[in-house]
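Structural description and commentary
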Amino acid sequence: MNRTSAPPERETLTFESDPGAGRSRWIAGALVVVLAAWLGSGVLFPAPEEAGDGAVAGNPGPVAVAVRPSAAEQITQYFVAEGQAQPDRMTAIRAETGGEVAEVLAEKGAMLEAGQVIARIGLAQRAAERDRAEAELARARRDFENAETLLDRGVATVDRVANTRAALAAAEAQVAAAQEAVENATLRAPFAARLESLAIEPGEFVALGAEIGRVVDSDPLTVTFRVPQQARGRLSEGQEAAVRFITGEERTGRLTFLGAAADPETRTFAAEVEVANADGAVPAGVSAELRLPTGEARAHFLSPAILSLSAEGRLGIKTVDPEDRVVFRPVEILRAQTDGVWVSGLPDKVRIITVGQGFVRDGETVDPRPEDALGTGARRGAPPAAPDTGAGAE
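Predicted model only: the values in this text are computed from it and were never measured.

Cut-offs applied
Residues numbered from 1 in each chain as written. Predicted model: local features only at pLDDT ≥ 70, side-chain atom pairs only at ≥ 80, totals over all residues. Heavy atoms only, no water. Salt bridge = Lys/Arg side-chain N within 4 Å of Asp/Glu carboxyl O. Helix = DSSP H or I, 4+ residues; strand = E, 2+ residues; numbered from the N terminus. Pairing = 2+ DSSP bridges. Buried < 20%, exposed > 50% of the residue type's maximum accessible area, 1.4 Å probe, protein only. Lys, Arg positive; Asp, Glu negative; His and termini not counted. Polar contact = N/O pair within 3.5 Å; in protein donor to acceptor, adjacent residues only side chain to side chain. Contact = heavy atoms within 4.5 Å. Patch = residues over 30% accessible without salt bridge, like charges linked within 9 Å, V, L, I, M, F, W, Y side chains within 5 Å. Areas by Shrake-Rupley, 256 points an atom, 1.4 Å probe, with all protein chains shown as cover. Core = buried A, V, L, I, M, F, W, Y, C linked by side-chain atoms within 4.5 Å.

**Here's the deal with the pattern of salt bridges**
The final tally for this structure, using the stated rule, is 16 salt bridges. Residues Asp217 and Arg89 are paired through a salt bridge, measuring 3.1 Å at the closest nitrogen-oxygen approach. Of the two residues, Asp217 sits in strand 9 (residues 211–228) while Arg89 sits in strand 2 (residues 73–94), which places them 128 residues apart along the sequence.

**With respect to the sheet that holds strand 6 (residues 186–188)**
Ordered by their spatial adjacency, four strands build an open sheet running 6-5-3-8, and the pairing between neighbours is antiparallel. The sheet is open, and its two edges are formed by strand 6 and strand 8 (205–206), each paired on a single side. Summarising the sheet, strand 5 (residues 117–121) and strand 6 pair through three bridges and their orientation is antiparallel. In the sheet register, Val117 faces strand 6, and the bridge partner there is Arg188.

**As for the pairing of strand 3 (residues 99–104)**
Of the pairings in the sheet, the one linking strand 3 to strand 8 comprises two bridges and is antiparallel in character. The partner of Glu100 across the bridge, within strand 8, is Phe205. Bridge analysis of strand 3 against strand 5 gives three bridges, and the strand direction is antiparallel. Bridge pairing in strand 5 places Glu103 opposite Arg120.

**Looking at the side chain of Lys318**
With respect to the element layout, Lys318 can be found in strand 15 (residues 315–320). We note that Lys318 is buried and unpaired, the nearest opposite charge coming from Glu364 at a distance of 7.7 Å. A polar side-chain atom of Lys318 sits 2.9 Å from the main-chain carbonyl oxygen of Gln357. Engagement of the side chain of Lys318 in a polar contact is seen with the backbone oxygen of Val360, the distance being 2.8 Å. Apart from the residues lying within four places of it in its own chain, the contact partners of Lys318 are Ser308, Val326, Val327, Phe328, Ile352, Ile353, Gln357 and Val360.

**Topic: a nonpolar patch on the surface**
A contiguous nonpolar patch, built from Leu309, Leu315 and Ile333 and spanning about 260 Å² of accessible area, is present on the exposed surface. On the secondary structure map, Leu315 appears in strand 15. Take Leu315: its relative accessible area is 31%, and that puts it in the partly exposed class.

**Digging into unusual backbone geometry**
Pro220 follows Asp219 through a cis peptide bond whose omega is 5°. Tracing the sequence through the fold places Pro220 in strand 9. The residue Arg267 is not glycine, and still its phi comes out positive at about 55°. With respect to the helices and strands, Arg267 occurs in the loop between strand 11 (250–258) and strand 12 (268–275). We classify Arg267 as partly exposed; its relative accessible area is 47%. The backbone phi angle of Asp324 is positive, close to 60°, even though this residue is not glycine. Along the chain, Asp324 turns up in the loop between strand 15 and strand 16 (326–330). Residue class for Asp324 comes out partly exposed when judged on its relative accessible area of 26%.

**Regarding the nonpolar core**
Grouped together as the largest cluster of nonpolar side chains are 23 residues, with contacts concentrated most on Phe225, Val227, Phe245 and Val273. Secondary-structure elements contributing two or more residues to this core are strand 2, strand 9, strand 10 (240–245), strand 11, strand 12 and strand 13 (287–302). Those residues in contact with Phe245 that sit more than four places away from it in its chain are Ala85, Leu221, Val223, Arg251, Val275, Val282, Val286, Ser287 and Ala288. If you look at the next biggest cluster of nonpolar residues, it comprises 18 residues, including Ala95, Leu112, Ile118 and Ala119.

So, in structure tokens, the structure goes:
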């Protein structure tokens, strides 16, 4: 019978006898002490206060903002609009009789005097008709005179005299028509103007009523534009207007027409400014900018960069009152320029926040400083404020 031997007992390994076992415990204990000291350093050794900060940690002082004093000025308000220059008169020249063009006496682009001959249509047939009508008129006049003589002698009747009188009137009408046809064969300028177009040549046949050219009178020019309904009450006929044409020419005109009925679609009124153009330097049809004074107002000049919106969406700026509190003041833009805007709604004298307005709220106490004295880091942890881009008052 086989006997199974019992397994040997397990031995637990220990390192107390190892010379390095005690060293690891010392290292671990040292690390714990160092970690505890580091975590408590903020309490045991607080960071020194920055020089000039004026506030203890956890209790920041007022936000430093840059302010600029501003005083209101008297400015002229303007109504500004875009318009188009129209000629004073422009008309087509039409043939008042048909026929062959006999001669052309003017060139396109020429400056014409009133009544100056532009072209003539052949007169041969019309002259013959006039001569025949004049001969018929002479015969009718003799018949009428003879009838009156015979009536005085008691030979002719009153009816004969009446018939000859009617024939005489008809002959006179024929002569007038023939003479008018001769005159209509000569095409003349209706008024002093520039011959803008000419569409006939000698030998060409033109029909009655055909357009043979066009004349344009651009002195004075009429600048047409539209006036919004809210601005009409500030304008009046007769007032001066400064006009700048797209060609670079600048002229002074006068408001000659202001519509009394608004366009039902645009709710705007038609208006016209008349501008002298004796030298013809400004062509008709070009665009123009008009500026019409509408009154005066007190306003402040500032950079549009410092404008902001209130919680209600109103446009305004942030100012500082005598107690160094932020006050949001709504404003209205009266006039815009390339270097700034003129606004109303502010007191005559006010301190305007130009740097740091984005970090303060209405009613908050601030530390106002002149623009050139404010440095970055106005509040601990706050990003530097953007520099002011505004321009000074004119």
